Amino acid sequence: AKAQQLGGSTQPGQADGAAAVEEAAAAAQKELFARMEEFYTHFAPEKAANKEFVQGVATAYVGKLASLNAKLRATYGADLTSPVPASTELEATKRDEEGCSRQ
């Protein structure tokens, strides 16, 4: 009755539950964004640089981790459960590739 007096149609407590669900979804999306950004930093740096792209992936796949991992494995041979190469290994690989392209 109190919610109806305020013009709302929800029962007391439902708004708190909805806010908690929204908060949890936002936290999950933020965590997935961070994981995707780290993944792309190692496997596709050009995509990591595009924050809108990474955010779009995180938004599209929040709650769909198995599907996302399957697509990442098909594209990169790795997924979010794969260990990422140490940054020194990645830097050494880039240096080697740059050296090869200059010769």
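Rules used in this analysis
- Residues numbered from 1 in each chain as written.
- Predicted model: local features only at pLDDT ≥ 70, side-chain atom pairs only at ≥ 80, totals over all residues.
- Heavy atoms only, no water.
- Phe/Tyr/Trp six-rings, centres within 6.5 Å; stacked < 30°, edge-to-face > 60°.
- Helix = DSSP H or I, 4+ residues; strand = E, 2+ residues; numbered from the N terminus.
- Buried < 20%, exposed > 50% of the residue type's maximum accessible area, 1.4 Å probe, protein only.

**Some details on the packing of aromatic side chains**
Inspection of the entire model under this criterion finds five aromatic pairs. Seen from their ring centres, Phe39 and Tyr76 are 5.5 Å apart, and the 75° between their planes marks the pair as edge-to-face. Taken together, the positions of Phe39 in helix α2 (residues 14-43) and Tyr76 in helix α5 (residues 65-76) put the pair 37 residues apart, joining distant regions of the chain. Residue classification places Tyr76 among the partly exposed positions, given a relative accessible area of 23%. Chaining the aromatic ring pairs together yields one cluster made of Phe39, Tyr40, Phe43, Phe53 and Tyr76.

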